[in-house]
Amino acid sequence: MPEAGSAAADGAADVRALLTPEGAALMARLPAYDEATALGTAERLRREGVPAGLAAAAMTQARLRARAAARLGPDAARTWLTQEGLEQATRRAVADRHAERFARLSLRSVADLCCGVGGDLLALARAGLPRVVGVDRDPVTAAVARANAETFGVADRVQVRCEDVTTTSLVGLDAVFVDPARRGAHGRALDPRDWSPPFAFVLDAATRVDATGAKLAPGVPHAVLPAGAEAEWVSDGGDVLECALWCGPLSTGVARRATLLPSGATLTGDGTRSAPAGPVGRYLVEPDGAVIRAGLVAEAAELVDGRLLDPTIAYVTTDAPPSTPFGSAYEVTDVLPFGVKRLRTLLRERGVGRVTVKKRGTAVTPEELRHQLRLTGDAEATVVLTRIAGEQSVLLVRPL
């Protein structure tokens, strides 16, 4: 049985073989990846005499590109990927927004530390930065990043170093962007000290290069964020993707920002305000996750003349129809104390068989509630489990 290190080396060699003209030609003639036809495609490659390792690498690459389409859009069909690189890849729209921050400044050079397969690296080069340096300590990942720079026609402005970002030289660089790995052997690393490199490295880089940006986990504790920097929570289609940290001239002078894609709507504040609480109105607003993570619920509530259902819960209620890009709006049709029997009776009377369950401030899970309700009707309903003035309650709502 081959040793793990030998298998990893063989896998790296197969990926490198793909990054040749012959490998690129093989990828070009592969059909779009389809799980249903993958075995047939693999068999065809075998009959054509393609080496088994190279064929497997090509099929893996095709599968990764298919999975990457949601993140990278049309670019996915040409992007060279690794499994880890795909997991950490920045969505194209988000990478372009990162690059815009740097492009606003008169910079000659910027380093993308922990560049991975090159999502932000390519965006920085596309934005017109004259010199972009990518740094990654994994040789295969660095080779993939170089290949992507070639593929997308920006290799003349991109240099990729295979080095440890904690020891690479930052001398002569006008700006840096750091994207620490936030996954370890046991899954997501929640503690910033466990990132690779740790968050302390980001703070140190900011003392050495004024224009420092970083892609942080959206759950990063506010308490660890440095004073004077701008923290921007970004969501795309409702998914909260990151907290981007902008230091020095990359900051716009605000403490907290929530940015919602694809609309580009942005909300700012200092994260210290509290919204008033009051009785349930006719409408409910569920703030976007980026707004909640940024601590800007009070600012979002003020825009719709709203109040909280409970001082500790991020649900906003209004008396007039709310129009806001910073959350989802619903009309409240029923409000009742929480109780499965009472709720089941009401839903059955209305012929409801399918429910969308939203929750905040309750231990009840949507799956548990659906099982307890045992509904069989044809209608649909949206149920909100939450607290109202400290009391466990249920709201029935319908989207506006």
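The structure this text deals with has already been given above.
The residue numbering used here restarts from 1 in each chain and proceeds along that chain's sequence as written. Thresholds applied to this predicted model are a pLDDT of at least 70 for local features of residues and 80 or more for the giving and counting of side-chain atom pairs; totals over whole chains, interfaces and linings are not thresholded and use all residues. Just so you know, side-chain values use all the structure's heavy atoms and leave hydrogens and water out.

### Regarding the pairing of strand S1 (residues 109–113)
Consideration 1: Taken across its 5 residues, S1 has 5 buried, putting it largely inside the fold.
Consideration 2: Only protein chains enter the accessibility calculation, which uses a 1.4 Å probe; a residue whose area is less than 20% of its type maximum is buried, one above 50% is exposed, and one in between is partly exposed. The secondary structure listing takes helices from DSSP runs of H or I that are at least 4 residues long and strands from runs of E that are at least 2 residues long, numbered from the N terminus. Of the two faces of S1, the one lined by Ser 109, Ala 111 and Leu 113 and the one lined by Val 110 and Asp 112 are each fully buried.
Consideration 3: Following DSSP output, two strands are said to pair if at least two bridges run between them. Of the pairings in the sheet, the one linking S1 to strand S2 (residues 131–135) comprises 5 bridges and is parallel in character. For Ala 111, the partnering residue across the bridge sits in S2 and is Val 133.
Consideration 4: Crossovers are described as right-handed under a simple rule: with the strands pointing away from the observer, the path leading from the first strand over the helix to the second runs clockwise. Taken together, S1, helix H7 (residues 119–126) and S2 constitute a β-α-β crossover, and its handedness is right-handed.
Consideration 5: By the bridge criterion, 4 bridges tie S1 to strand S4 (residues 175–178) in an arrangement that is parallel. Of the residues in S4, the one forming a bridge with Val 110 is Ala 175.

### Things to note about the sheet that holds strand S9 (residues 239–246)
Consideration 1: Taking strand neighbours across the sheet as the criterion, the 9 strands line up as S3-S2-S1-S4-S7-S9-S8-S10-S11 in an open arrangement whose pairing is mixed. Across the chains shown, the open sheet's two edge strands, defined by having one partner strand only, are strand S3 (158–161) and strand S11 (265–269). On average, each strand axis in the sheet is inclined to that of its neighbour by 20°, with strand direction left out of account.
Consideration 2: Contact definition: two residues touch when any of their heavy atoms are within 4.5 Å. Each axis is a line fitted through C-alpha atoms, and for a helix only the stretch in contact is used; angles between axes span 0 to 180 degrees, taken between their N-to-C directions. Strands in contact with helix H6 (residues 92–103) are S1, S4, strand S7 (211–216), strand S8 (230–236), S9 and strand S10 (256–261); relative to S9, the strand with the most contacts, it is inclined by about 15°.

### Digging into the pattern of salt bridges
Consideration 1: By salt bridge we mean one thing: a side-chain nitrogen of Lys or Arg within 4 Å of a carboxyl oxygen of Asp or Glu. Here the structure, examined in full by the defined rule, presents 27 salt bridges.
Consideration 2: Put simply, Arg 92 and Asp 96 hold a salt bridge, and the shortest N to O gap is 2.9 Å. With Arg 92 and Asp 96 both in helix H6, this residue pair falls 4 residues apart, about one helical turn.
Consideration 3: Across the salt bridge formed by Arg 360 and Glu 286, the nearest N and O atoms sit 3.9 Å from each other. Note that Arg 360 is positioned in the loop between strand S16 (352–359) and helix H13 (366–373) and Glu 286 in strand S12 (residues 283–287), a separation of 74 residues in sequence.
Consideration 4: On the basis of relative accessible area, Arg 360 is assigned to the partly exposed category, the value being 21%.
Consideration 5: Residue Glu 286 is classed as buried on the basis of its relative accessible area of 15%.
Consideration 6: Connected through salt bridges with shared partners, the residues Arg 97, Arg 101, Glu 230, Glu 232 and Arg 257 form a single ionic network.

### Here's the deal with the side chain of Ser 109
Consideration 1: Counting through the fold element by element, Ser 109 comes out in strand S1.
Consideration 2: Nitrogen and oxygen atoms within 3.5 Å of one another constitute a polar contact, given that in protein one can donate a hydrogen and the other can accept it, and given that sequence-neighbouring residues count only through two side-chain atoms. At a separation of 3.2 Å, a polar atom in the side chain of Ser 109 contacts the main-chain amide nitrogen of Asp 174.
Consideration 3: The residues contacting Ser 109, other than those within four sequence positions of it, are Arg 131, Gly 172, Leu 173, Asp 174 and Ala 175.

### Some words on the environment of Thr 365
Consideration 1: Looking at where Thr 365 falls in the secondary structure, it is placed in the loop between S16 and H13.
Consideration 2: On the basis of relative accessible area, Thr 365 is assigned to the partly exposed category, the value being 33%.
Consideration 3: A polar atom in the side chain of Thr 365 sits 3.1 Å from the backbone nitrogen of Glu 368.

### Things to note about the nonpolar core
Consideration 1: Remark: nonpolar core denotes a set of buried residues (Ala, Val, Leu, Ile, Met, Phe, Trp, Tyr, Cys) joined through side-chain atoms within 4.5 Å. Counting 47 residues, the largest nonpolar core has Leu 113, Val 176, Leu 216, Trp 233, Leu 245 and Val 291 as its most contacted members.
Consideration 2: Ignoring anything within four residues of it in the chain, the contact list for Val 291 reads Ala 258, Leu 260, Leu 267, Leu 296, Val 297, Ala 300 and Phe 326.
Consideration 3: If you look at the next biggest cluster of nonpolar residues, it comprises 26 residues, including Leu 121, Ala 125, Ala 211 and Trp 246.

### A look at unusual backbone geometry
Consideration 1: Here the residue pair Ser 196 and Pro 197 is connected by a cis peptide bond, since its omega of 0° sits within 30 degrees of zero.
Consideration 2: With an omega of 10°, the peptide bond between Leu 261 and Pro 262 qualifies as cis.
Consideration 3: Even without a glycine there, the phi angle at Cys 114 is positive, about 65°.
Consideration 4: Position of Cys 114 among the secondary structure elements: in the loop between S1 and H7.
Consideration 5: Phi is positive for Arg 374, close to 50°, though the residue is something other than glycine.

### Concerning helix H2 (residues 21–29)
Consideration 1: Those residues of H2 not exposed but buried are Gly 23, Leu 26 and Met 27. All buried residues of H2 fall inside an arc of 95° around its axis, so they share one side. Opposite the packed face of H2, turned more than 90 degrees from it, sit the exposed residues Pro 21, Glu 22 and Ala 28. It is the directions from the helix axis to the C-beta atoms whose arc is reported.

### Structural notes on helix H4 (residues 52–72)
Consideration 1: A helix is expected to span 1.5 Å for every residue after the first. Taking 1.5 Å per residue as the helical rise, H4 with its 21 residues ought to reach 30 Å, and the 29 Å between its terminal C-alpha atoms agrees with that figure.
Consideration 2: Values of bend correspond, residue by residue, to the angle between axes fitted over the seven residues ending at that residue and the seven starting there. At Ala 66, H4 is deflected by roughly 30°, the largest bend along its length.
Consideration 3: Buried residues of H4: Leu 54, Ala 55, Ala 57, Ala 58, Met 59, Gln 61, Ala 62, Leu 64, Arg 65, Ala 68 and Leu 72, and no others.
Consideration 4: Gly 73 sits one or two residues past H4 and shows a positive phi near 65°.

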